[in-house]
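Inside the fold
Each chain is listed here by its residues.
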Amino acid sequence: MLKLAVCVSGGGTNLQAVIDRIGSGEISDVSISVVISNNRNAYALQRAEKHGIEHVCICPKDYESRDAFNDAFLAKLDSYDVNLVVLAGFLVVIPESVIQAYRGRIINIHPSLIPSFCGKGYYGLKVHEAVLARGVKVTGATVHFVDEGTDTGPIILQRAVEVQEGDTPEILQRRVMEQAEWVLLPEAIRLIAAGKVSVTDGHVKIRK
Ligand code: GAR
């Protein structure tokens, strides 16, 4: 059984996609041990509550220093004894101590085709605003392992999505979620749970 911690900050539609795929049996041998949010008001926490999933809030503002928060975050993760940490719209920089302790066991969903429109400052709607400002015709989403950089880890899955005339950032965000994110994130978890994902020299191989 692959035990997940899903880290969230907002609406939690990616969390919902994972919950739904586990519920429907499309993903087997996977359970969500805990949903962790840095934001008390994240709707994602209500989604967890509704599905009877353990959920906690750990907020940097409640700690006297960033180091104290980082220590508490690592201790929180450790206390749930999880095998995979899933960043599903988690807007907190993952501390180096956590990356070291969970190397190769943290994945992130990003709403663009990395290496485009990623890195510092590119999150949520800002990504789609930048896509529209540049006028690219194709965008998409990426699931990748997390390393010390911002959106630099080995790429697991990517899917392209068309940009259409008249798109607003909100319309494009929704299309990228529907056509790419909500498919890719559960699929990456399924592949990892099935033992089909390996990384060599920074490149991911997926066994058929
Ligand atoms: C998603 O679009 C996710 O890809 C993005 O935040 C949104 C969270 O939505 N993550 C990033 O931008 C990370 N750099 P959700 O809370 O509805 O899943």
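Residues numbered from 1 in each chain as written. Predicted model: local features only at pLDDT ≥ 70, side-chain atom pairs only at ≥ 80, totals over all residues. Heavy atoms only, no water.

Regarding the overall build of the protein chain
Check the secondary structure of the protein chain and you find 6 helices and 9 strands. In terms of overall size, the protein chain behaves like a compact globule, its C-alpha atoms giving a radius of gyration of 16 Å where 208 residues would be expected to give roughly 17 Å. Each of the three principal axes of the protein chain carries a C-alpha extent, and together these read 45 × 45 × 40 Å. Put simply, 63% of the contacts in the protein chain that link residues at least 6 apart link residues at least 24 apart. Entry remark: accessible area of the protein chain is about 10,400 Å², with carbon and sulfur atoms responsible for 47%. Distance between charge centroids for the protein chain: 4 Å, based on 22 positive and 24 negative side chains. (Helix = DSSP H or I, 4+ residues; strand = E, 2+ residues; numbered from the N terminus. Rg over C-alpha atoms; globule rule 2.2 N^0.38 Å. Contact = heavy atoms within 4.5 Å. Areas by Shrake-Rupley, 256 points an atom, 1.4 Å probe, with all protein chains shown as cover. Lys, Arg positive; Asp, Glu negative; His and termini not counted. Charge placed at Lys NZ, Arg CZ, Asp CG, Glu CD.)

A closer look at the pattern of salt bridges
In total, this model carries 7 salt bridges according to the counting rule given. One salt bridge connects Asp62 with Arg40, and the closest N-O pair in it is separated by 2.9 Å. Here Arg40 lies in the loop between β2 (30-37) and α2 (43-50) and Asp62 lies in the loop between β3 (55-57) and α3 (66-79), a separation of 22 residues in the sequence. For the salt bridge of Glu148 with Arg103, the shortest nitrogen-to-oxygen distance reads 2.6 Å. (Salt bridge = Lys/Arg side-chain N within 4 Å of Asp/Glu carboxyl O.)

Examining the site of the ligand
Taken together, 14 residues form the shell around the ligand, and within it Gly12, Thr13, Asn14, Gly124 and Glu181 come nearest. The separation between an oxygen atom of the ligand and a polar main-chain atom of Gly124 is 2.8 Å. In isolation the ligand offers 450 Å² of accessible surface; the protein chains occlude 91% of this area. The class makeup of the residues in the shell around the ligand is 5 nonpolar, 8 polar and 1 charged. (Near = heavy atom within 4 Å. Polar contact = N/O pair within 3.5 Å; in protein donor to acceptor, adjacent residues only side chain to side chain. Nonpolar A, V, L, I, M, F, W, Y, C, P; charged D, E, K, R; others polar.)

Here we look at the environment of Glu129
Mapped onto the elements, Glu129 comes out in helix α5 (residues 125-134). For Glu129, a relative accessible area of 40% corresponds to the partly exposed category. For the pair Glu129 and Asp167, spaced 38 residues apart in the sequence, the C-alpha separation amounts to 10.0 Å. (Buried < 20%, exposed > 50% of the residue type's maximum accessible area, 1.4 Å probe, protein only.)

Side note on the sheet that holds strand β1 (residues 2-8)
The sheet built from 7 strands is open, its strands ordered β3-β2-β1-β4-β5-β6-β7 with mixed pairing. One side of each edge strand has no neighbouring strand; the edge strands of this open sheet are β3 and β7 (155-162). For this sheet, the mean angle separating the axes of adjacent strands, direction not counted, is 20°. One ladder, built from 3 bridges, connects β2 with β3; its direction is parallel. (Pairing = 2+ DSSP bridges. Axes fitted to C-alpha atoms, helices over the stretch in contact; angles between N-to-C directions.)

Description of helix α1 (residues 13-23)
For α1, the complete set of buried residues consists of Asn14, Leu15, Gln16, Ala17, Val18, Ile19 and Arg21. Where α1 is buried, its residues contact β1, β2, α2, β5 (106-110) and α6 (169-193). The positive-phi residue at the C-terminal boundary of α1 is Gly25, with phi of around 85°.

A look at the packing of α5 against α6
One can describe the packing of α5 onto α6 by two numbers: an axis separation of 9 Å at closest approach and a directional angle of 110°. Here α5 lies roughly perpendicular to α6, going by the angle between them. The way α5 lies across α6 gives a crossing that is right-handed. On α6, the residues that touch Leu125, His128, Glu129, Val131 and Leu132 of α5 are Pro169, Glu170, Leu172, Gln173 and Val176. Along the lines of polarity and charge, the residues of the contact of α5 with α6 split into 6 nonpolar, 2 polar and 2 charged. (Parallel < 35°, antiparallel > 145°, perpendicular 65-115°, else oblique. Left-handed = near helix turned anticlockwise from the far one by under 90°.)

Honestly, that's just the spatial picture; any functional story needs more than this.
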